[in-house]
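Here are the chains, one letter per residue:
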Amino acid sequence: MGKHVYIETYGCQMNEHDSERMLRLLEGVFYSETKEAKEADLILINTCSVREKPEHKVYSALGRFKKLKEEKGTIIGVAGCVAQQEGERLLDRMPYLDMVIGTQAIPALPGLVQKVEALGQRVCEIGFDAEGEYLKTPLPQRPLFKVKSYVTIMQGCDRFCSFCIVPYVRGRERSRPSHEIIEEIRDLAEMGVKEVCLLGQNVNSYGKGLEEEISFPELLHRIDDMEGLHRIRFITSHPADLSEELIQAFTKLKKLCEHIHLPFQSGSSRILKAMHRGYTKESYLEKIDRLKEVCPSIALTADAIVGFPGEEEKDFEETLELLQRVQFDDLFSFKYSPRKGTRAAQYEDHVEEMVKQDRLTILQGIQKEITLQKNQALVGCVEEILVEGQSKQSDRDVTGRTRSNKIVNFEGGLDLVGKMVPIKVLKAYPHSLRGEIVSVQNASICNQRSAIPHRA
Ligand code: SF4
């Protein structure tokens, strides 16, 4: 009988994708996934240390799984950013922990598991991998039954924003050669994947350090030509590295969806300087204006931090002004939390917790209204939806996303999964839309770059 692995994932899309890669590698040593921790022979916690909250969750998850170790000898491992940062200290602190797997040690996972199984050794692998093997992604060993997939194109970051732990736990920027990425996407498309989301901490600096001369927009051009693939997305972009060539790609490439996630973090140039972000409020807004000019239907989302050290009321007001000016489709906002080892953690003028919380509540309240208004503006429009699966809300409904990345639920059967269908938006909610299928003949797609009229 095969063995089972249970993976609990915290944090960003990169972690989600890393968990998928770990599963694929473990299939090679006869593990299959279980969604129940108590059924597992191996439990992996894929961790995030970007903020305080997810880091705390890791320790409480470890506490929960300790009992399973005692009762049935389950192997327990910690992977991801906390593993990279804490290393051996985690083994010292948690005597029931068997494995610590750093961010660049994923390819070593099957060997590490076998070492624990055969020799009962506790292992810690957190070295950085100069050869770049950690970027290679094993293909699934069985059909995927998935409509969309992440594809890592680069990892790491050279920007060293003063609040961010990523360059320390993910290492320096490193890009995958384009032929590897193209091959992976071609294989995924052959397995039925219709949409890829290209992943990297800063995709805009893709290509740096490669032997071939290639920029991120050039990579997008090559992927856009691929047969069988319908949609391309990417995440995350750094505003300072967003080039005119990339902005132009939104009008030139048919498969590139009209959505960009462009974190601004603060609307105050003074705070942006203290954050070492490398742009000002004005230059950020110039890029936003240019995106809207070139691609009027583009959806914009971003990240923002409130309560960064030294943030005064007038800085926070500038953040609110930026929010109103840009009218983001959605925003991921957080209270600043100091990360050990970063420069900002040593700044002295920390903002009081209560002030941070008040600012976050105000910011999120304003954004909630903007998001709802943006969704309401789509009522009556016909949008192209890529159907992803059954809706969580009802067995009679399926769910999918617009090109602008909005969730739409509508009545329909599972035979629609993987298909592009025209949907008329009937109702708008804060986090999703409700719609109904309309016939292609009657559909006047709101987004003129829709693939529907041309679909096979
Ligand atoms: Fe962190 Fe800044 Fe790099 Fe983004 S660009 S990963 S915030 S250091």
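Here the structure is shown first, and the text comes after it.
Just so it is clear, the structure is predicted and the values come from calculations on it, not from any experiment. (Residues numbered from 1 in each chain as written. Predicted model: local features only at pLDDT ≥ 70, side-chain atom pairs only at ≥ 80, totals over all residues. Heavy atoms only, no water.)

### Some thoughts on the overall build of the protein
Move 1: Along the protein, the regular secondary structure elements total 13 helices and 19 strands.
Move 2: Over its C-alpha trace the protein gives a radius of gyration of 23 Å, about what one expects of a compact globule, namely 23 Å for 456 residues.
Move 3: Overall, the C-alpha framework of the protein stretches about 65 × 55 × 50 Å when taken along its three principal axes.
Move 4: Per-residue burial for the protein yields a buried fraction of 56% across its 456 residues.
Move 5: A separation threshold of at least 6 residues defines the contact pool for the protein, and within that pool the share at least 24 residues apart is 73%.
Move 6: By element, 51% of the accessible surface of the protein is carried by carbon and sulfur atoms, the whole surface being about 20,400 Å².
Move 7: Put simply, the protein has 63 plus and 69 minus side-chain charges, and the middle of one group is 2 Å from the middle of the other. (Helix = DSSP H or I, 4+ residues; strand = E, 2+ residues; numbered from the N terminus. Rg over C-alpha atoms; globule rule 2.2 N^0.38 Å. Buried < 20%, exposed > 50% of the residue type's maximum accessible area, 1.4 Å probe, protein only. Contact = heavy atoms within 4.5 Å. Areas by Shrake-Rupley, 256 points an atom, 1.4 Å probe, with all protein chains shown as cover. Lys, Arg positive; Asp, Glu negative; His and termini not counted. Charge placed at Lys NZ, Arg CZ, Asp CG, Glu CD.)

### Some words on the sheet that holds strand 12 (residues 259–261)
Move 1: Strands sit in the order 12-13-14 across an open sheet of three strands; the sheet is parallel. Every other strand in the sheet has two partners, leaving strand 12 and strand 14 (330–335) as the edge strands with one partner each. Sheet twist, expressed as the mean angle between neighbouring strand axes with direction ignored, is 10 degrees.
Move 2: Across six bridges, strand 13 (residues 299–306) lies against strand 14 in parallel orientation. Each residue of the ladder has a partner; that of I305, found in strand 14, is F334. (Pairing = 2+ DSSP bridges. Axes fitted to C-alpha atoms, helices over the stretch in contact; angles between N-to-C directions.)

### A word on the sheet that holds strand 11 (residues 231–235)
Move 1: The strand order across the open sheet formed by three strands is 7-10-11, and the pairing between neighbours is parallel. Strand pairing shows two members of the sheet lacking a second neighbour, strand 7 (148–152) and strand 11, which therefore form its edges. Across this sheet, the average inter-strand angle for adjacent strands is 25 degrees, counted without regard to direction.
Move 2: Helix 7 (residues 178–190) rests against strand 7 and strand 10 (195–199) of the sheet, and its axis sits at about 165 degrees to strand 7.
Move 3: Strands in contact with helix 8 (residues 216–224) are strand 10 and strand 11; relative to strand 11, the strand with the most contacts, it is inclined by about 155 degrees.

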